[in-house]
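Fold and geometry: a report
The lines below spell out each chain.
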Amino acid sequence: MTGEVCGAQGDNGLHKRALLRGWSQAGWRRYIWVLLVCSFLGSGPAWGAAIRLGAINPLTGNLALHGIEIHQGIVAAVEEANARGGLQGHPVELLSRDDQSRPDVALNQTQDLLYREKVVGLLGGYVDSLVGPISTMAARHGTPYVAAASLQQSLTEQGNPFFFRVSCMSGVVKPLGRFILERLKPAKVAILYTATPGSTEFATRLKEMLAEQGIAIPLFEKFRPGTPDFSVLLLKAREQGDDLLISGGFFPDNLLLARQLREQRTPLKAFIAPWGVAYEKFIRELRQGSEGLMGLCAWNPGITYPGTETASQAFVKRFQERFGQAPNTTTMHGYTAARALLAAIEQVLGKKEPLSGPAISRELRSLDLLLPMGRLRFDEKGDPLDYRQVIVQIQQGKLQVVYPPERATGELWYPLNAASPQ
Amino acid sequence: MGFSLIFGVTHAFNLAHGELIVLAGYLAYALWHFWHIPFYWTLPVCILLLPVATLGLHWLLRRLPAPFELNSLVVTFGLAIMLQNLFLAFFSADFRLIMLPAAPVLDFPDLSIMVTANQALLVSLSLAATGLVHLFLHRTFLGKALRATIQNREGAALAGIRVGQMQLIAFGVGGTLIGLAGPLFASNMYLYPAGGMEATLIAIIITITAGVGRTRSLLLGGWLLGLAESLAVLLIGTSWRELISAGILLAILLWRPEGISSRKTGIT
């Protein structure tokens, strides 16, 4: 048996040597040229070949509402790119995955997209508990990931060169803190927040900011997302005489809080929630009960970054035709993340460089785009440099910007039950 | 109570219980929101229609081969996922609320006591439903036959009770209770496609706490857990809420594994 194998190897070796001797110098030159051309062509995708992008969002489960919104924003951006001929002649193929609002599923889906589907970039994600595991896996694989909705500071402080996001904590805490200090001037503030990394960090930073200015925070409580009853916490706020209630909860938590606030007639001067209030759906469900409530948003069909009105209206029109509903601030986060990644890939292709993770990340870092949500530039850590949300108040069923003054579209109603402007 | 009754009589571990409550909630929401039917009129509609769904589930489960308990678990889990996806298709992933008038019915500001109309409706209807089911189980021949089936199916069959019919009745009564619970759930919480899971979990916990088929204990167990959670939030903070519930559940399992008000001699 062994001898047969050795004999076979020897025959093969003789055959190869005979073949090599038979090649002329011209043949060798041709061979080297072909190799060079092939290696050059292999640096980017073949002409007309699709560029594969992956998107991981919570399309089912507790976070499905916002996950679907982000997904639609991403789809809108990809379809927009394909409608104008793709990226340097390459169509974009979006591979979408559902993480079921669970970090373990998010990790499995990320692995699938990176190792089996071999996508060149990742998009999407809602809440840091889902974005965090995806960013770690993407970094290990050397694939850029542009998160649509992530806030936790530590995610960008880990020195992950492949992680970028279009939102950041300071873009929420700073405008809200300034608004409270400059316009509301409360004596006592109650802060409720959820047991998620982003919400906890938001509450802690806001508490520090307000406490530095001498504002008392007698109620600072964490709750589980999906808590069915806030009546005890509202009773505490009532007994402490809190002027202001700030909720770090999500859309459903704020729906319940606002309803119970109204039912229990809690004598608060203002209710503000950065997430979940600035939505048409919130107004639709709470009806009159939503009047005077305040939230934050980065964009809305009627609230766009100055100078992007035409682009914003065109996006709203296209989106409504495609999905049969109006986009919102979460949708715009998904759209913005996708626009950033698509622009970076187009830059790499334009320079005829291989579509590698480091090249796309380098281009993401040098981007400077003006989009409906605002100017988009990333710092060295991957955080957006110009991300700032505005404070909105629900007035007569519409969202009105009440802060900052240069973007205000309406007068502030304060305190909460005021029938007329301040 | 619907979960406990169905489980007690049929031994079907209905993991789609919460989804059926959400189904009733969505039905009430659709009637209230799209057809502008007053909320109170949605209650009888759901009470009449949900037994149709639970009887359909009974028809499905009757066809299962042995082992019944395990197979019912798998089938109802599949049904729960199917219902969630149907909710997603018909109502999208949006969170839905039924908004009732916010007038308080009792308000003593000095004592920090306030009962809202919504809370009053919830408490009175849950008390009325528990009372009626208790009377049905303890004062009627049919109810006694149901209790006998819960205690010992073979013994009940030997005594001439048609166990198959008892199962049908248990699913019917369970469906009626789910039909009542759904709209109340929608008017106190919010509806969304995956919202049934937590309701199923609560039903399982209350059944373990109270014991199977014990109406008074179910009410007592539910209120005990609710009060303990609220007191924990008021006195020591929200972080303790789940820990307190889990502690009570563990204590009952150790102290009274047959249920909170069980007697060694048999059913209450």
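Each residue is numbered by its place in its chain's sequence as written, counting from 1. To read the labels, note that chains go from A and ligands from 1, taken in the order they are written. For a predicted model such as this one, the threshold for reporting local features is a pLDDT of at least 70, and the threshold for listing and counting side-chain atom pairs is 80 or more; totals across whole chains, interfaces and linings nevertheless cover every residue.

1. Comments concerning the nonpolar core
For clarity, the threshold we go by: Nonpolar cores are identified as sets of buried Ala, Val, Leu, Ile, Met, Phe, Trp, Tyr and Cys residues joined via C-beta atoms within 7 Å. Counting other C-beta atoms within 10 Å of a residue's C-beta gives its exposure: the residue is buried at 20 or more, exposed at 12 or fewer, and partly exposed in between, where C-beta atoms are placed from the backbone. The numbering of helices and of strands both runs from the N terminus, where a helix is a DSSP run of H or I of at least 4 residues and a strand a run of E of at least 2. Here the limits of each domain have been adopted from an automatic or database domain assignment. Here the contact rule is simple: place C-beta atoms from the backbone, and any two residues whose C-beta atoms are within 7 Å are in contact.
In this structure, Ile74(A) and Phe271(A) are the most contacted members of the largest nonpolar core, which totals 194 residues. Per element, the largest residue contribution to this core is twelve residues, and it comes from helix 8 (residues 163-188) of chain B. Two domains each donate at least three residues to this core, and these are domain 1 (51-167 + 306-376) and domain 2 (171-297 + 390-407) of chain A. Not counting residues within four places of it along the chain, the set of residues in contact with Phe271(A) comprises Leu245(A), Ala258(A), Leu261(A), Leu293(A), Met294(A) and Leu416(A).

2. Things to note about the packing of helix 2 (residues 17-33) of chain B against helix 4 (residues 68-91) of chain B
Residue and element names in this part refer to chain B. Operational definition: As a rule, the C-alpha atoms of each element are fitted with a line to give its axis, helices using only the stretch in contact, and angles between N-to-C directions run from 0 to 180 degrees. The labels follow the angle: roughly parallel below 35 degrees, roughly antiparallel above 145, roughly perpendicular from 65 to 115, and oblique for the rest. For a crossing to be left-handed, the near helix must be turned anticlockwise from the far one by less than a right angle; the clockwise case is right-handed. For this classification, the nonpolar set comprises Ala, Val, Leu, Ile, Met, Phe, Trp, Tyr, Cys and Pro, the charged set comprises Asp, Glu, Lys and Arg, and every other residue, Gly included, is treated as polar.
Packing of helix 2 against helix 4 leaves a shortest axis separation of 10 Å and a crossing angle of 20 degrees. The orientation of helix 2 relative to helix 4 falls into the category roughly parallel. You can see that helix 2 and helix 4 cross each other, and the crossing is left-handed. On helix 4, the residues touching Glu19, Val22, Leu23 and Tyr26 of helix 2 are Ala80, Leu83, Gln84, Phe87 and Phe91. By residue class, the composition of the contact of helix 2 with helix 4 is seven nonpolar, one polar and one charged.

3. Focus: the interface of chain B and chain A
Of the residues lining the interface, 26 residues belong to chain B; the matching set on chain A comes to 30 residues. Those elements that provide at least two residues to the side of chain B that touches chain A are strand 2 (113-116) and helix 10 (215-235) of chain B. Element by element, the count of residues in the side of chain B that touches chain A is highest for helix 10 of chain B, at three residues. Residue composition of the side of chain B that touches chain A, grouped by class: 15 nonpolar, seven polar and four charged.

4. So, the sheet that holds strand 9 (residues 270-273) of chain A
All names here are of chain A. Note the following rule: A pair of strands is considered paired only if DSSP assigns at least 2 bridges between the two.
Pairing is mixed across the open sheet formed by seven strands, whose spatial order is 7-6-8-9-10-13-14. The sheet is open, and its two borders are formed by strand 7 (216-223) and strand 14 (398-403), each paired with just one other strand. The mean inter-strand angle of the sheet, taken between neighbouring strand axes irrespective of direction, is 25 degrees. For strand 8 (residues 244-248) and strand 9, the ladder comprises three bridges, and the chain directions are parallel. Bridged to Ile246 within strand 9 is Ile272.

5. Here we look at helix 7 (residues 170-184) of chain A
All names here are of chain A. This is how the line gets drawn: Any helix carries an expected span of 1.5 Å times its number of residues minus one.
Between its first and last C-alpha, helix 7 extends 20 Å over 15 residues, near the 21 Å set by a 1.5 Å rise per residue. Taken together, the buried positions of helix 7 are Gly171, Val172, Val173, Leu176, Phe179, Ile180 and Leu184. On its buried face, helix 7 sits against helix 8 (197-212), strand 8, strand 9, strand 10 (294-297), strand 13 (390-395) and strand 14. Where helix 7 ends, the next residue or the one after it, Lys185, has phi of about 45 degrees, a positive value.

6. What about the sheet that holds strand 4 (residues 145-149) of chain A?
Residue and element names in this part refer to chain A. Strand order in the open sheet made by the five strands is 2-1-3-4-5, with parallel pairing throughout. Of all strands in the sheet, those bounded by a partner on one side alone are strand 2 (92-98) and strand 5 (163-165). Neighbour-to-neighbour, the strand axes of the sheet open up by a mean angle of 20 degrees, direction not taken into account. Alignment of strand 3 (residues 121-126) against strand 4, held across four bridges, turns out to be parallel. Across the sheet, residue Leu123 finds its bridge partner in strand 4, namely Val146. On the sheet, helix 5 (residues 128-141) packs against strand 1 (51-57), strand 3, strand 4 and strand 5 and is oriented at approximately 165 degrees with respect to strand 3.

7. Considering the environment of Gly174(B)
Residue and element names in this part refer to chain B. Its location among the elements puts Gly174 in helix 8. Given 30 C-beta atoms within a 10 Å radius, Gly174 is considered buried. Contact partners of Gly174, with chain neighbours within four places excluded, come to Gly2, Leu5, Ile6 and Thr54.

8. Focus: helix 10 of chain B
For helix 10 of chain B, spanning 21 residues, the distance from its first C-alpha to its last is 30 Å, which sits close to the expected 30 Å at 1.5 Å a residue. In the core, the buried residues of helix 10 of chain B are packed alongside helix 9 (231-240) of chain A together with helix 1 (2-10), helix 5 (117-139), helix 9 (196-210) and helix 11 (241-255) of chain B. At the C-terminal side of helix 10 of chain B, Gly237(B) shows a positive phi close to 115 degrees.

9. Concerning the domain arrangement of chain A
Residues and elements named next belong to chain A. Examined at the domain level, chain A breaks down into domain 1 (51-167 + 306-376) and domain 2 (171-297 + 390-407). Placing the centre of domain 1 and that of domain 2 at their C-alpha centroids yields a distance of 29 Å. Taken residue by residue, the interface counts 13 residues in domain 1 and 14 residues in domain 2. Every element with two or more residues in the side of domain 1 that touches domain 2 is listed here: helix 3 (64-83) and helix 5. Classifying every residue of the side of domain 1 that touches domain 2 by side-chain character gives four nonpolar, eight polar and one charged.

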